[in-house]
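# Examination of the molecular architecture
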Amino acid sequence: MRQLGSWLACVRVGFVRACVVAVISMLVPAVWAAAVALGIWWGAGNPWSWVAPVVLVCGGTLALSRPVCRMVRFLVARWTATVIPAGYRQAGPVTRMSTGYWWNGFSYERTRRDALLDQKWRVRWSDPANWRDLRFTAIAPLTAGVVASLPPAGVAVAVLGLGQPGPATRVVGALGLVVAGASAPYAWRCVEPVAVRFLRPSPAMALADRVDELTAQRADATVAQAAEIRRIERDLHDGAQARLVGLGLSLATAEKLMETDPDQARTLMREARAGATASLTELRELVQGINPPVLNDRGLIDAVRALALDSPLEAAVSADLQLSLDPPIESALYFAIAELLTNAVKHARATRARISITQDDTGIVIDVEDNGRGGAGLRADGGLAGLRRRLAVFDGTLEITSPEGGPTRVRMMVPCESL
């Protein structure tokens, strides 16, 4: 009985999914059929009566192709956990020029609304994914649509056959019921291979997306590098440089006062020595902010443990592995963890944090969790968005889970072949 109940549940779920796949796959053919019926109703012998049906076919196919493909991707991802990248072209930013016109990547427009509208249609019509979607809407009804129609067609035959008198019709109805029950658990599954084969981005589209992604990453890296250089220059100018200039003036004054006022000269020498010590401390802190020595000497894990000891949080580090990472990746991960701990103290008002460093088959995985008030999210100009862009330079990802009230958990994943 348990196996029978499981099989009936599988049949029920499969039948519903097959009906959904059949309906979605047949949306565009339904428009075609409606257009043909309209042309026949207006008069099949009159050529002008087919103008409206042709317009209906073209417009309906173009309007439904992208929504149908998006629904198929969503269903495949939900039912089979197979994610099919959309591969659609993304519109770039719209910028206002010094002349007052708006540049959308294609043309100049007088208003931002006109620039966005023009950009939308240009990107839409120049996207090669349109041809891919149109091809899928023509192939899907003949493949996944036909197979997925077997269970509902079997049920329809069973209803018509069993409702009519006579043994022959009842046999046909019983066969229809058997076909519906036997095919329901499997008929909908054909949508996955068809969608993977015909909806995934072509190599040219994937290459174009990768070029755009690398271009954006290069721009982000350039901006981050320029900001870091400005920070170093500012710290040197406001800190160590000013102290060294004062040190030079104190030594020059002490040299002049050595014979006339030795006590004052000795006082200036003591102040100069204190200034030299302070300058050396600031330079060491500046160097540590650029690349911590412990990171070079002991590696990422020991550097993170030292960072946790210096943090005002009660931070625990768990890492039962030995890492051998490239220095740029180590530096990026170290400063990412440091920024997350700083955010936990400054914004989340956390008191405890947990840092977990593990590895999987593809790379390194770092989880940073705190007991703060939560509510953290990605904003276009926020620090977490900048952190995600810096990790993206290494094909890394950043995921945030931060409900209101906490806790906040940030997962960073970076592929590393050197592990």
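Residues numbered from 1 in each chain as written. Predicted model: local features only at pLDDT ≥ 70, side-chain atom pairs only at ≥ 80, totals over all residues. Heavy atoms only, no water.

- Per an unreviewed UniProt entry, the protein chain is named histidine kinase, and its organism is Streptomyces vastus.
- Per UniProt, the protein chain carries the Catalytic activity (unreviewed entry) text "ATP + protein L-histidine = ADP + protein N-phospho-L-histidine." (UniProt positions renumbered as here; feature names shortened; annotations may be inferred.)

## Here's the deal with the packing of helix α2 (residues 27–43) against helix α3 (residues 51–80)
- Contact geometry of α2 with α3 gives a least axis separation of 8 Å together with a crossing angle of 170°. Taken together, the axes of α2 and α3 are roughly antiparallel relative to one another. Regarding α2 and α3, the two cross each other, and that crossing is right-handed. Of the residues in α3, those touching α2 at Leu27, Val28, Val31, Trp32, Ala35, Leu38, Gly39 and Trp42 are Ala52, Pro53, Leu56, Val57, Gly60, Thr61, Leu64, Val68 and Met71. (Axes fitted to C-alpha atoms, helices over the stretch in contact; angles between N-to-C directions. Helix = DSSP H or I, 4+ residues; strand = E, 2+ residues; numbered from the N terminus. Parallel < 35°, antiparallel > 145°, perpendicular 65-115°, else oblique. Left-handed = near helix turned anticlockwise from the far one by under 90°. Contact = heavy atoms within 4.5 Å.)

## Considering empty space enclosed by the protein
- According to the stated counting rule, one finds one cavity of 30 Å³ or more in the structure shown.
- In this structure, the largest cavity occupies an estimated 40 Å³ of space.
- Lining the largest cavity we find Val21, Ile24, Ser25, Val72, Leu75, Val76, Trp79 and Val191.
- Residue assignment for the lining of the largest cavity shows that the elements contributing at least two residues are α1 (2–25) and α3.
- Of all the elements, α3 adds the most residues to the lining of the largest cavity, at four residues.
- Residues of the lining of the largest cavity, tallied by class, amount to seven nonpolar, one polar and no charged. (1 Å grid on protein atoms, 1.4 Å probe; cavity = no way out; pocket = protein on both sides within 12 Å on 5 of 7 lines; lining within 4 Å. Points joined across faces, edges and corners; volume = space filled by probe spheres on them. Nonpolar A, V, L, I, M, F, W, Y, C, P; charged D, E, K, R; others polar.)

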